[in-house]
Amino acid sequence: MKSLMKLFASLLLFLYITLAGDIDVVECSNQNLRFSGRNKLFVFGDSYADTGNTKTTDKGAWEFPYGITYPGKPSGRFSDGHISTDFLAKLLRIKLPVTYSKKDDVDKTRLQYGMSFAYGGTGVFDTKVNYPNMTGQINLFEQLLGNVYSPSDLSSSVALVSVAGNDYLYFLSTRSPAAILSFITQVVNQIEVNLRRIHSLGIKKIAVPSLQPLGYIPHFAKGSPLIKAAVNFLVGQHNNLLHEVVAKLNNETNHSAFTIIDYNNAFLTVINNKGEIPDILVFKTPSIECFQIDVNEFKNSTLCDDPRSAFFWDGLHPTQEGWKSVYTVLRKNITAALT
């Protein structure tokens, strides 16, 4: 078993070196929505949740054709349009929270809907990007308590805590892949610390997505079947530990304060859909991205004719239509757990 895991880890390292690119993401508003219950959304995490915190001088999410579907130009989301944060806010009937980087530039009434501290490319621990990791993001949030947000504000709020895999990509590029299993434990243990801290600061409902099936994203799907199996095995290890942590936390608090948003199952449901699921498009080639980036010469990158036909926007991130489909699958469970 140990030798097999070393083989899996070596394959992951090889795949990362040959295929890896930046993990980078765009913004929306939910007009005239009125909510019965939760009225603020606080967001922590990475490019799956970042609606525009990274610097506009950064490449990736601030370059065309990112944002081509919404709002028609780059807005800092790592997609062609709306992403997970947009769809979660809409499901919860909460207006989209302002990004932390824009908090001083907007009308103060915008702050009443919460705030996003998510930065594309970040992880639970430090990665290669120069933005705050999740501990740093929670620090930024804590600094606003008392003068911007009161305890009553937090008691009726929801937190989204997004961990999409940047820690693992960075780990495999800088450390021995043979230690990946112990590192997964470290990541999930730190997620537990973060969840406890957010809850102790006053947020009563906290949602943390499971890790998506990384073996199906374009970067990894281009590898061999063994690569795909290795990646999905490691994703399974992460998700199993995460479920144990959330169950423990809920048992300690004597109520369902913590919820797992099952990205893994939702992504697979959409990817494997052949038309049997209403309100979801059939993606004929779900593991082929719409925007194929030439890492050597960005201007030579190619764009598909219709982003709506693709599940993935680039090698790592879903399209707006992809995210819409994922949240269509998740809709009932999310509203039941978080409202």
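Some points on the packing of aromatic side chains
The full count for this structure, using the stated rule, is 25 aromatic pairs. Measuring from centroid to centroid gives 4.3 Å for F171 and F183, while their planes differ by 15°, and the two rings are stacked. Of this pair, F171 sits in helix α5 (residues 166–174) while F183 sits in helix α6 (residues 180–200); the two residues are twelve residues apart in sequence, bridging distant segments of the chain. Put simply, the rings of Y48, F87, Y263, F267, F283, F311, F312, W323 and Y327 pair up and form one aromatic cluster.

What about helix α8 (residues 225–253)?
Under the 1.5 Å per step criterion, the end-to-end length of α8 is 42 Å for 29 residues, consistent within 8% with the ideal 42 Å. Buried within α8 are the following residues: I227, A230, V231, L234, V235, H238, N239, L242, V245, V246, L249 and N250. With its phi angle positive at about 60°, N254 sits one or two positions after the end of α8.

Points about unusual backbone geometry
With an omega of 15°, the peptide bond between F64 and P65 qualifies as cis. As for its placement among the helices and strands, P65 is situated in the loop between β1 (40–44) and α2 (84–91). Following Y70, the chain continues to P71 via a peptide bond in cis, the omega torsion being 0°. Here the phi dihedral of R93 falls at roughly 60°; this positive angle occurs in a residue that is not glycine. Along the polypeptide, R93 turns up in the loop between α2 and β2 (98–99).

Looking at the sheet that holds strand β4 (residues 157–161)
Spatially, six strands are ordered β2-β3-β1-β4-β5-β6 in an open sheet, and the strand pairing comes out parallel. Of all strands in the sheet, those bounded by a partner on one side alone are β2 and β6 (258–261). In the sheet, β1 pairs with β4 via five bridges, with the strands oriented parallel. Note that in β4 the partner of K40 across the bridge is S157. Contacting β1 and β4, helix α3 (residues 134–143) crosses the sheet at an angle of about 145° to β1.

Digging into the pattern of salt bridges
Tallying each qualifying case throughout the model produces nine salt bridges. Residues E192 and R196 are paired through a salt bridge, measuring 3.0 Å at the closest nitrogen-oxygen approach. One end of the pair, E192, and the other, R196, are both in helix α6, four residues apart, so they sit about a helical turn from each other. Classification of R196 as partly exposed rests on a relative accessible area of 34%.

About the cut-offs
Residues numbered from 1 in each chain as written. Predicted model: local features only at pLDDT ≥ 70, side-chain atom pairs only at ≥ 80, totals over all residues. Heavy atoms only, no water. Phe/Tyr/Trp six-rings, centres within 6.5 Å; stacked < 30°, edge-to-face > 60°. Helix = DSSP H or I, 4+ residues; strand = E, 2+ residues; numbered from the N terminus. Expected span 1.5 Å × (residues − 1). Buried < 20%, exposed > 50% of the residue type's maximum accessible area, 1.4 Å probe, protein only. Pairing = 2+ DSSP bridges. Contact = heavy atoms within 4.5 Å. Axes fitted to C-alpha atoms, helices over the stretch in contact; angles between N-to-C directions. Salt bridge = Lys/Arg side-chain N within 4 Å of Asp/Glu carboxyl O.

Everything listed here is a matter of coordinates, which is why it stays silent on function.
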